[in-house]
Amino acid sequence: MQLKDHSVQALREVFAARGVERWRADQVAGWLYARGVEEVAAMTDLSRELREELADSWEVRALEVEHEQHSVDGTLKAVLRAADGARVEAVAIPEEARNTVCLSTQVGCPLACSFCATGALGFTRNLSTAEIVDQLCRMRELCGPERPVTNLVFMGMGEPLLNLPAVLEAIRLFVHPKAFGLAPRRITVSTVGVVPKLGELLDVAPIHLAVSLHATTDAVRDSLVPLNRRFPLDVLLGELRRLDTVNRRRPVFFEYTLIAGVNDSLADARRLPALLRGIPAKLNLIPMNAHARSGLRPPDGARIDRFLRELAAGGLRVTLRRSRGPDIQAACGQLALHSGRDGGRSARGRLRV
Ligand code: SAH
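Keep in mind that what you see is a predicted model, and the values were worked out from it rather than measured.

Asker: I'd like a rundown of a positive patch on the surface, residues and numbers included.
Answerer: Side chains of Arg98, Arg185, Arg186 and Arg250 sit close together on the surface and give a patch of like positive charge. A residue is classified by how much of its surface remains accessible, and Arg250, at 39% relative accessible area, is partly exposed.

What follows is the structure, given as C-alpha cells:
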C-alpha cells in the first residue's frame, strides 16, 4: 500500500481497521508532508511496532526525479518517473511573492484538444493520488527551503476532472493542516469543463476554478476542444451560473489561448463579455505557444493588443499571461517528454505554465 494515496481522514480509517490508533495517521502526515521526512526510521515519535509495519508493508515514494532543468528566469522544470516507468512533468514558477508548482493529473490526455501537445500524445493512464502528491514533494525538494512552494495549479498534463477521485484526495492532503496546510485559495484546478463533475470538485474546498474556454462560438470550440460537442457553451456556462459554489467564490478564471485566424477576431473579443455575464469571471489570455504537433500559431503582437483593448473596453477583467521558462521549453505548450517508454508508446506532453 502507498501511504500518499490516502488523505489524513482516509489514513485514520485504514489505520483503525489494522488496529492502529487513528491519531497516528496525523503523526505520519506531519512527517511526510509538513516536515518532508520520508524515512520511516526517522519518524521518532511513532511506536517501534508502527515503524516496522510501515517499513514492511507500505510504500512511501511514488515518483523519482529523472531530469531537471533551470531557466534563466528561475523557472524549474522536472521530468518525474513513476514505478511503472510512466513519466510526468511538473514545473515550479517563482515570482516575487510566490512560487507556483504546476501539477499533472494524467499520463497523456484523452481529450485531444487540437492546439495541445498532450492531446496529440493520447491517453496512457490516470495518475494515482500518491503520484499527484509526490510531484509536490519532489518539486519542494528541488526548490529548497529558501523557496517554499506557495501556490499549486492543476494545469499540467491531463484533465483533472477525468481523474477526479485521485485529484480530490490529493487536494485534501494539500489543504489539511497536519499535511501541507495550504490555503484552498492558493490552489487552482483547470478544466475544459466536464460539466457533471464540476459541483463535486468545488465541494471539496474553496479552491479556485479555471475553465479552458478558448472560443466564443460552439463551432469554433467544437474544433478546438472536442468535448464541447458533449457539453456545449450554454451547458457549461449555464452550469457555472447555476452552481452556488461558483458564485460564492472569488473569480472563475477563464483561459483563452489566442490562436491566429481561429479565435482572435474583434467579433470574438466583443462576444466575450456577454458570454460570461452573470459569472464572476476573469479572463486569462495566453498567446498560443507553437509546437511541432500542431499547425496552429499565435497571433502577432499588434493583434493581441487589439484583442486586449477590445476586451478592456467591454468591461471584462483580463490579464495577458507572460511566458515563463521558454529557454528550457517550459513555457505554455512547450514542455514535452522526448524519449523513453510509457505504457508502450513514446511520450510527448506539454505543460502550460
Ligand atoms: N485539461 C485541463 C488542464 C490542463 S491545463 C485544461 O485544459 O484546462 C491546459 C491549459 O493549457 C489550457 O487552458 C490551455 O490554455 C493551455 N494550453 C494548451 N496548449 C497550449 C499551447 N500550445 N499554448 C498555450 N497554452 C496552451
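Still to come is the rest of the account.
Asker: Could you give an account of the pattern of salt bridges, with specific residues and numbers?
Answerer: Inspection of every chain in the model, using the stated rule, returns 21 salt bridges. Residue Arg24 pairs with Glu21 through a salt bridge whose shortest N-O separation is 3.6 Å. The exposure class assigned to Arg24 is buried, which follows from its relative accessible area of 11%. With a relative accessible area of 39%, Glu21 lands in the partly exposed category. We note a salt bridge from Lys178 to Asp26, for which the minimum N-O separation is 3.6 Å.

Asker: Describe the domain arrangement of the chain, with residues and values.
Answerer: On domain assignment, one finds that the chain holds domain 1 (3-57) and domain 2 (67-328). Computed over C-alpha atoms, the centres of domain 1 and domain 2 are 33 Å apart. Counting from both sides, the interface comprises 16 residues of domain 1 and, opposite them, 16 residues of domain 2. Counting each side, the surface lost to burial between domain 1 and domain 2 is near 1200 Å², with a carbon and sulfur contribution of 53%. Put simply, domain 1 and domain 2 have three salt bridges between them. Across the domain 1-domain 2 interface, the total number found is nine residue pairs in polar contact (both at pLDDT 80 or more). Listed by contribution, the elements that provide at least two residues to the side of domain 1 that touches domain 2 are α1 (8-17) and α2 (24-34). When the residues that make up the side of domain 1 that touches domain 2 are grouped by side-chain class, the tally is six nonpolar, five polar and five charged.

Asker: Residues and numbers for the sheet that holds strand β10 (residues 252-258), please.
Answerer: The strand order across the open sheet formed by ten strands is β1-β2-β3-β4-β7-β8-β9-β10-β11-β12, and the pairing between neighbours is mixed. Strands at the two margins of the open sheet, each flanked by one partner only, are β1 (63-70) and β12 (318-320). If you compare each strand with its neighbour and ignore which way they point, the axes differ by 20° on average. Here seven bridges tie β1 to strand β2 (residues 76-82), and the two strands are oriented antiparallel to one another. Within the sheet, the bridge partner assigned to Glu64 lies in β2 and is Arg81. Sitting on the sheet, helix α6 (residues 164-175) is in contact with β7 (151-154) and β8 (187-191), with an inclination near 175° to β7. Running at roughly 175° to strand β11 (residues 281-287), helix α12 (residues 301-313) makes contact with β10, β11 and β12 of the sheet.

Asker: Can you explain empty space enclosed by the protein? Please cite residues and give values.
Answerer: The final tally for this structure, using the stated rule, is two cavities of 30 Å³ or more. Of the volumes computed, that of the second largest cavity is approximately 40 Å³. Around the second largest cavity, the lining residues are Leu3, His6, Ser7, Val8, Leu11, Ala25, Ala29, Leu32, Tyr33 and Leu173. Put simply, the parts of the chain that give the lining of the second largest cavity at least two residues each are α1 and α2. Here the residues of the lining of the second largest cavity sort into eight nonpolar, two polar and no charged.

Asker: Could you give an account of the layout of surface pockets, with specific residues and numbers?
Answerer: Here the largest pocket is characterised by a volume of approximately 690 Å³. For the lining of the largest pocket, the element with the most residues is β7, which contributes three residues. Considering only residue class, the lining of the largest pocket consists of seven nonpolar, six polar and ten charged. Contributing to the lining of the second largest pocket are 17 residues, with Tyr33, Ala34, Arg140, Val149 and Phe180 lying nearest its centre. Among the secondary structure elements, those contributing two or more residues to the lining of the second largest pocket are α2 and α5 (129-143). No other element matches α5, which puts four residues into the lining of the second largest pocket. Here the lining of the second largest pocket is composed, by residue class, of eleven nonpolar, two polar and four charged.

Asker: How would you sum up the packing of aromatic side chains? Please name residues and give values.
Answerer: Enumeration according to the criterion identifies five aromatic pairs in this entry. On the basis of an interplanar angle of 40° and a centroid distance of 5.0 Å, the ring pair of Tyr33 and Phe180 is categorised as tilted. Pair noted here: Tyr33 is in helix α2 and Phe180 is in the loop between α6 and β8, with a separation of 147 residues, a long-range link. Residue Tyr33 is classed as buried on the basis of its relative accessible area, which comes to 2%. Residue class for Phe180 comes out buried when judged on its relative accessible area of 15%.

Asker: I'd like a description of the nonpolar core, backed by residues and values.
Answerer: One finds Phe174, Leu201, Leu240 and Phe254 to be the most contacted residues of the largest nonpolar core, which totals 98 residues. Per element, the largest residue contribution to this core is eight residues, and it comes from α6. Of the residues that make up this core, three or more belong to each of domain 1 (3-57) and domain 2 (67-328). Contact partners of Leu240, with chain neighbours within four places excluded, come to Leu198, Leu209, Val211, Val246, Asn247, Phe254 and Ile279. Val153, Met155, Ala210 and Phe253 belong to the second-largest nonpolar core, a separate cluster that totals seven residues.

Asker: Can you tell me about the state of the cysteines, naming the residues and giving the values?
Answerer: Tallied over the entire structure, the rule returns zero disulfides. Of all cysteine sulfurs, the one in Cys113 lies closest to Cys109, which takes part in no disulfide; the gap is 6.5 Å. Taking relative accessible area as the criterion, Cys109 reaches 10% and is therefore assigned buried. Not engaged in a disulfide, the cysteine Cys143 finds its nearest cysteine sulfur in Cys137; these two sulfurs lie 12 Å apart.

Rules of the game
Within any chain, residue numbers begin from 1 and follow the written order of that chain's sequence. Local features are withheld for residues below a pLDDT of 70 in this predicted model, meaning they are given only at 70 or higher, and side-chain atom pairs are given and counted only at 80 or more; totals for whole chains, interfaces and linings count all residues. Excluding hydrogens and water, the side-chain values take into account all heavy atoms of the structure. Distance thresholds for patches are 9 Å for like charges and 5 Å for nonpolar side chains (Val, Leu, Ile, Met, Phe, Trp, Tyr), applied to residues having over 30% relative accessible area and no salt bridge. Only the protein chains shown count as cover for residues, with accessible areas throughout obtained via the Shrake-Rupley method and a probe of 1.4 Å. Every case where a carboxyl oxygen of Asp or Glu lies within 4 Å of a side-chain nitrogen of Lys or Arg is listed as a salt bridge. By the counting rule applied here, Lys and Arg register as positive and Asp and Glu as negative, while His and the ends of each chain are not counted. The atoms used to mark charge sites are NZ of Lys, CZ of Arg, CG of Asp and CD of Glu. Relative accessibility decides the category of a residue: with a 1.4 Å probe and only protein chains considered, values under 20% of the type maximum give buried, values over 50% give exposed, and everything between is partly exposed. All the domain ranges listed were derived from an automatic or database domain assignment. Throughout, a contact is declared for two residues whenever any of their heavy atoms are within 4.5 Å. As a working definition, buried area equals the accessible area (1.4 Å probe) given up by two parts on being put together, with both sides summed. The term polar contact refers here to a pair of N or O atoms within 3.5 Å; inside protein, the definition further demands a hydrogen-donor-capable atom paired with an acceptor-capable atom, and it admits residues adjacent in sequence only when both atoms are side-chain atoms. In this text, helices come from DSSP runs of H or I with a minimum length of four residues, and strands from runs of E with a minimum of two, each type numbered from the N-terminal end. Each residue is assigned to one of three groups, with Ala, Val, Leu, Ile, Met, Phe, Trp, Tyr, Cys and Pro labelled nonpolar, Asp, Glu, Lys and Arg labelled charged, and all others, Gly among them, labelled polar. Here, a strand pair is defined by DSSP locating no fewer than two bridges between the strands. For helices, the fitted line uses only the C-alpha atoms of the stretch in contact; every axis is such a line through C-alpha atoms, and the angle between N-to-C directions lies from 0 to 180 degrees. A pocket, in this scheme, is an open set of points on a 1 Å grid over the protein atoms alone with protein on both sides within 12 Å along at least 5 of 7 lines, while a cavity is a set where a 1.4 Å probe fits but cannot get out; residues line either one if an atom lies within 4 Å of a point. Grid points are joined across faces, edges and corners, and a volume is the space filled by probe spheres set on the points. Stacked, tilted and edge-to-face are the three classes assigned to paired rings of Phe, Tyr and Trp, where Trp is represented by its six-membered ring and a pair needs centres within 6.5 Å; plane angles under 30 degrees give stacked, over 60 edge-to-face, the rest tilted. By convention a nonpolar core is built from buried Ala, Val, Leu, Ile, Met, Phe, Trp, Tyr and Cys residues, the set being connected through side-chain atoms within 4.5 Å. The criterion for a disulfide is a pair of cysteine sulfur atoms lying within 2.5 Å.

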